[in-house]
Amino acid sequence: MKAWTLSRYGNPSTLELRDWSDPIPAAGEVRIRVRAASINPIDYKLMRGDLKRIQPVRFPWIPGFDLAGDMEAVGDGASRFRVGDAVFARSAKGVHGAFAESVCLPESWVAAKPASLDFGEAASLPLVGLTTIQGLTQRAALKAGDTILIHAGSGGVGSFAIQYARALGLNVTATCSSRNEALVRELGAQQVICYDREDYRQLDQRFDAVFDLLGGEHTLAAFDLLKPGGVVVSIAGPPDRAFADSIGAGWLLRLGIFFNARRVWQRAERGGFRYFRFLTSPSGEQLTTIAGMVERGELRPLIDSRFPFEQLREAIAHSMQGRARGKIVVEGLV
Ligand SMILES: NC(=O)c1ccc[n+]([C@@H]2O[C@H](COP(=O)([O-])OP(=O)(O)OC[C@H]3O[C@@H](n4cnc5c(N)ncnc54)[C@H](OP(=O)(O)O)[C@@H]3O)[C@@H](O)[C@H]2O)c1
């Protein structure tokens with residue numbers, strides 16, 4: 001098969017399209033013919049080596065997490081799908097990536113594609129959707145009536161999270177630039193703070209939760225906006241206390257994590273707040289939940305742009321600019 005591969009850390013131009021042996025599904029795995037994939041910032045962060053201390057890459061490597069396609073083969077003991085089924089999935093770093101003609105994954109990571117979506121739309125959902133569910137529901141246990149501030153409401157995660165939070169019955173405030181204000185309102189945000197016109201840190205309001213998609217100074221600032229007992233769910237800030245265990249970190253890395261995260265941990269603990277910063281896991285079950293929400297009209301994909309598979313480098317370079325409205329999709333494999 002053809003696959004986009006990397007043999008060292010680099011940038012989009014380091015990617016090579018080359019022949020790769022066809023993957024064979026092991027017991028419990030399925031092989032999916034990839035019809036579309038989508039880009040996530042983690043793709044270029046891993047590619048550049050930004051995360052090499054906590055998530056080193058073993059080369060040669062096929063990057064890519066999000067995909068949708070047709071079931072091509074099922075391994076021994078895999079029984080949920082039949083050849084020809086249309087599916088979508090989130091892959092993981094240690095296995096074949098999505099930017100290839102075929103990928104083998106455990107069948108428990110895969111779900112039936114929502115029938116109303118094309119492959120590109122379906123491929124836009126897994127990573128952002130799983131991240132949102134695992135953050136807002138699985139960890140923070142938010143419930144109807146809670147108030148939430150969602151940063152970067154116009155991006156891949158934010159555009160999904162606004163819709164998901166509204167479907168849960170949350171009251172949603174989102175940040176974005178004024179060029180995206182109408183879009184973010186249309187996605188369901190009841191209040192929008194445009195960062196080029198006002199500073200969300202000046203708000204008098206307090207929230208049950210902040211979904212921090214920005215990191216840096218914004219992670220600590222999130223705690224100043226919480227009601228008593230509130231929660232910061234971050235996917236861009238320093239690790240939480242459980243993170244080192246989740247990646248099996250040795251003592252040196254644990255020390256590094258402590259120095260990186262201690263101000264945030266202290267702020268959370270002194271204020272009586274919860275803080276979560278986690279890596280997203282694959283889950284076919286949660287993708288089935290997402291598919292159901294799509295079919296009920298509670299969620300829709302937001303596609304920034306579509307690139308042919310041959311232009312993966314350009315698609316990733318576009319993502320690196322950080323201005324996408326929703327998701328960037330690559331489709332039409334060679
Ligand atoms: N579990 C995990 O660890 C996990 C999972 C998923 C994502 N992430 C991380 O989460 C972050 C967001 O991911 P994403 O896929 O949503 O990224 P993205 O799609 O590239 O985000 C782009 C969006 O961010 C908006 N934006 C940029 N600066 C902003 C600011 N200061 N305030 C408000 N909006 C701003 C941009 O709007 P304008 O152009 O209008 O500024 C654009 O619409 C990334 O750092 C990613 O690596 C982590």
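Bear in mind the structure is a predicted one, so any value in this text is a computation, not a measurement. (Residues numbered from 1 in each chain as written. Predicted model: local features only at pLDDT ≥ 70, side-chain atom pairs only at ≥ 80, totals over all residues. Heavy atoms only, no water.)

Brief notes about the site of the ligand
And then number 1: Around the ligand lies a shell of 24 residues, among which Ser 154, Ser 177, Tyr 195, Arg 323 and Ala 324 are the nearest.
And then number 2: The separation between an oxygen atom of the ligand and a polar side-chain atom of Ser 177 is 2.4 Å.
And then number 3: Tyr 195 places a polar side-chain atom, nitrogen or oxygen, 2.3 Å from an oxygen atom of the ligand.
And then number 4: When the ligand sits alone it has 940 Å² of accessible area, and the protein chains cover 86% of it.
And then number 5: Counting residues per element, the ones that place at least two in the shell around the ligand are helix H1 (41–48), helix H3 (126–139) and helix H4 (156–168). (Near = heavy atom within 4 Å. Polar contact = N/O pair within 3.5 Å; in protein donor to acceptor, adjacent residues only side chain to side chain. Areas by Shrake-Rupley, 256 points an atom, 1.4 Å probe, with all protein chains shown as cover. Helix = DSSP H or I, 4+ residues; strand = E, 2+ residues; numbered from the N terminus.)

Some remarks on the nonpolar core
And then number 1: In terms of nonpolar packing, the biggest core is built from 48 residues, with Ile 148 and Phe 211 touching the most fellow members.
And then number 2: At six residues, H4 tops the list of elements feeding residues into this core.
And then number 3: Split by domain, this core shows at least three residues from each of two domains, domain 1 (2–125 + 302–331) and domain 2 (127–277).
And then number 4: If we ignore the near neighbours within four places in the chain, the residues touching Phe 211 are Thr 132, Leu 136, Ile 148, Leu 149, Ile 150, His 151, Val 157, Ala 161, Val 233 and Ile 235.
And then number 5: Within the second largest apolar cluster, 37 residues are counted, among which are Val 30, Leu 46, Leu 67 and Phe 81. (Core = buried A, V, L, I, M, F, W, Y, C linked by side-chain atoms within 4.5 Å. Buried < 20%, exposed > 50% of the residue type's maximum accessible area, 1.4 Å probe, protein only. Domains from an automatic or database assignment. Contact = heavy atoms within 4.5 Å.)

What to know about the domain arrangement of the protein chain
And then number 1: Considered domain by domain, the protein chain is made up of domain 1 (2–125 + 302–331) and domain 2 (127–277).
And then number 2: Using C-alpha coordinates to define each centre, domain 1 is positioned 26 Å away from domain 2.
And then number 3: Contact with domain 1, which involves 15 residues of that partner, is made by 17 residues of domain 2.
And then number 4: Note on domain 1 versus domain 2: buried area summed over both sides is about 1,300 Å², and carbon and sulfur give 59% of it.
And then number 5: Where domain 1 meets domain 2, there are zero salt bridges.
And then number 6: Linking domain 1 with domain 2 are seven residue pairs in polar contact (both at pLDDT 80 or more).
And then number 7: Of the residues belonging to the side of domain 1 that touches domain 2, the class tally is six nonpolar, three polar and six charged. (Buried area = accessible area lost by both parts, 1.4 Å probe. Salt bridge = Lys/Arg side-chain N within 4 Å of Asp/Glu carboxyl O. Nonpolar A, V, L, I, M, F, W, Y, C, P; charged D, E, K, R; others polar.)

Digging into the packing of H3 against H4
And then number 1: The N-to-C vectors of H3 and H4 enclose an angle of 50 degrees; their axes lie 9 Å apart at closest approach. As the angle between them shows, H3 and H4 are arranged oblique. By crossing handedness, the relation of H3 to H4 is classed as right-handed. Of the residues in H4, those in contact with Val 128, Gly 129, Thr 132, Ile 133, Leu 136 and Thr 137 of H3 are Gly 156, Val 157, Phe 160, Ala 161, Tyr 164 and Leu 168.
And then number 2: Residue composition of the contact of H3 with H4, grouped by class: eight nonpolar, four polar and no charged. (Axes fitted to C-alpha atoms, helices over the stretch in contact; angles between N-to-C directions. Parallel < 35°, antiparallel > 145°, perpendicular 65-115°, else oblique. Left-handed = near helix turned anticlockwise from the far one by under 90°.)

Notes on the sheet that holds strand E13 (residues 274–277)
And then number 1: Strand order in the open sheet formed by six strands is E10-E9-E8-E11-E12-E13, and the pairing between neighbours is parallel. Because the sheet does not close on itself, it has two edges, and the strands there are strand E10 (191–194) and E13. Strand-to-strand twist in this sheet, taken as the mean axis angle between neighbours without regard to direction, amounts to 15 degrees.
And then number 2: Judged from the four bridges that link them, strand E8 (residues 147–150) and strand E9 (residues 171–176) form a sheet pairing that is parallel. (Pairing = 2+ DSSP bridges.)

Focus: the side chain of Asn 40
And then number 1: With respect to the helices, strands and loops of the structure, Asn 40 is situated in the loop between strand E3 (29–38) and H1.
And then number 2: Judged by relative accessible area, which is 2%, Asn 40 ranks as buried.
And then number 3: Of the polar contacts made by the side chain of Asn 40, one reaches the side chain of Lys 327; its length is 2.6 Å.
And then number 4: The residues contacting Asn 40, other than those within four sequence positions of it, are Phe 65, Asp 66, Leu 127, Val 128 and Lys 327.

Brief notes about empty space enclosed by the protein
In this approach the atoms are scanned with a rolling probe the size of a water molecule, which exposes any empty space left behind.
And then number 1: The full count for this structure, using the stated rule, is one cavity of 30 Å³ or more.
And then number 2: Empty space within the largest cavity amounts to approximately 60 Å³.
And then number 3: Here the lining of the largest cavity gets four residues from one element, more than from any other, and that element is H4.
And then number 4: If you count residues domain by domain, the lining of the largest cavity takes at least three from each of domain 1 (2–125 + 302–331) and domain 2 (127–277). (1 Å grid on protein atoms, 1.4 Å probe; cavity = no way out; pocket = protein on both sides within 12 Å on 5 of 7 lines; lining within 4 Å. Points joined across faces, edges and corners; volume = space filled by probe spheres on them.)

Observations concerning unusual backbone geometry
And then number 1: Cis geometry is adopted by the peptide bond preceding Pro 60, which originates at Phe 59 and carries an omega value of -5 degrees.
And then number 2: Relative to the helices and strands, Pro 60 is located in the loop between H1 and strand E4 (66–74).
And then number 3: Positioned with a positive phi, Ala 141 is a non-glycine residue whose angle comes to about 55 degrees.
And then number 4: Considering the arrangement of structural elements, one finds Ala 141 in the loop between H3 and E8.

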